[in-house]
Amino acid sequence: ARVCASHFGLPLYRLDPGRIFEGIVGASESRLDALLALLERMSPLVLWLDEIDKSLAGTESGSSDGGTTARVVGRLLTWLQENPHPVFVVATANHPDRLPPEMLRRGRFDELFFVDLPNAEARAEILDIHLRHKAAAALGQSPPLADALEAYLAQARSAEGFSGAELEAALIEARLSAYARGEALAATDLEDALAVTVPLSQSRSEDIASLRAWAKSRARRA
């Protein structure tokens, strides 16, 4: 979503769909209508619907919410189909199989991408961003390293199954260890932090395998 906004030169607005819902009957639909009207007035823009599966799944469970979710989803689908305003919509989901099938058809969302865990070179690039570039942007310069850069990137390449967020968390832990000693970050600090981290690819391997199997014939690989 951020890359799209940067590429198009448009502002990015993030929406948690769960915040649309209210307890009063009819209030959720009214809030969605007001929100969509506001987006149309503010367009052109990129709209990021974050973790859409957590709030808009289960449209058939009308008995538990009086049909509110189904009505909200129906309004959103109509808007996605017919909205003439330049609003580029990007949605993220960890469980797209829980979404109603009509939401995933072309005309609502024109393409469905599957973003898998990063490979070895992608992990090295991600670590380099957090190790040098992000720190330089925040501090004005990159913190000193005790070892050659390649030693840290090699650790990332060997961290099979780690996501970008898990690499970042391990790096933060490694930096805290080095800071506690009063020394520059060493490659062994990162190695130790990675060694004690259990990535989701291990702890939830069945879920990830299921998602990969679902996406194999239903989505385009990003």
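Preceding this section is the structure that the text describes.
Residues numbered from 1 in each chain as written. Predicted model: local features only at pLDDT ≥ 70, side-chain atom pairs only at ≥ 80, totals over all residues. Heavy atoms only, no water.

(A) Structural context of the nonpolar core. L47, L49, W79, V89 and M103 are the most contacted members of the largest nonpolar core, which has 20 residues in total. Listed by contribution, the elements that provide at least two residues to this core are α2 (27-42), β2 (45-49), α5 (68-82) and β3 (87-91). Top contributing element to this core by residue count: α5, with 6 residues. With residues up to four places along the chain from it excluded, the contact list for L49 reads L15, P17, V89, V90, A91, T92 and F109. Membership of the second largest hydrophobic core comes to 18 residues, among which are L127, L131, Y152 and L171. (Core = buried A, V, L, I, M, F, W, Y, C linked by side-chain atoms within 4.5 Å. Buried < 20%, exposed > 50% of the residue type's maximum accessible area, 1.4 Å probe, protein only. Helix = DSSP H or I, 4+ residues; strand = E, 2+ residues; numbered from the N terminus. Contact = heavy atoms within 4.5 Å.)

(B) Representation of the sheet that holds β3. The 3 strands are arranged β1-β2-β3 in an open sheet whose pairing can be described as parallel. Each of the sheet's edge strands pairs with one partner strand only, and the pair in question is β1 (12-15) and β3. Sheet twist, expressed as the average angle between the axes of neighbouring strands with direction ignored, equals 25 degrees. (Pairing = 2+ DSSP bridges. Axes fitted to C-alpha atoms, helices over the stretch in contact; angles between N-to-C directions.)

(C) View of the pattern of salt bridges. Summed over all chains, the structure comprises 15 salt bridges. The shortest N-O distance in the salt bridge between D33 and R75 comes to 3.1 Å. A residue pair is termed long-range when its members are at least 10 positions apart, and D33 in helix α2 and R75 in helix α5 qualify at 42 residues. The class of D33 is partly exposed, set by a relative accessible area of 34%. R75 sits in the partly exposed class, given a relative accessible area of 34%. Overlapping salt bridges, with partners in common, bring together R106, E111 and R220 in one network. (Salt bridge = Lys/Arg side-chain N within 4 Å of Asp/Glu carboxyl O.)

(D) The arrangement of the packing of aromatic side chains in detail. Applying the stated criterion to the full structure yields 1 aromatic pair. Centroid distance F8 to F88: 5.1 Å. Interplanar angle 70 degrees. Geometry classified as edge-to-face. Remark: F88 occurs in strand β3 and F8 occurs in helix α1 (residues 2-8); sequence separation between them is 80 residues. (Phe/Tyr/Trp six-rings, centres within 6.5 Å; stacked < 30°, edge-to-face > 60°.)

(E) Quick look at the side chain of D53. Mapping D53 onto the fold places it in helix α3 (residues 52-56). With no salt bridge to any partner, buried D53 finds its closest opposite charge in R98, at an N-O distance of 5.4 Å. Polar side-chain contacts of D53 include one of 3.4 Å to the backbone nitrogen of N94. Of note is the side chain of D53, whose polar atom sits 3.0 Å from the backbone nitrogen of H95. Discounting chain neighbours no more than four positions away, the residues touching D53 are T92, A93, N94, H95 and L99. (Lys, Arg positive; Asp, Glu negative; His and termini not counted. Polar contact = N/O pair within 3.5 Å; in protein donor to acceptor, adjacent residues only side chain to side chain.)

Geometry only, nothing functional implied.
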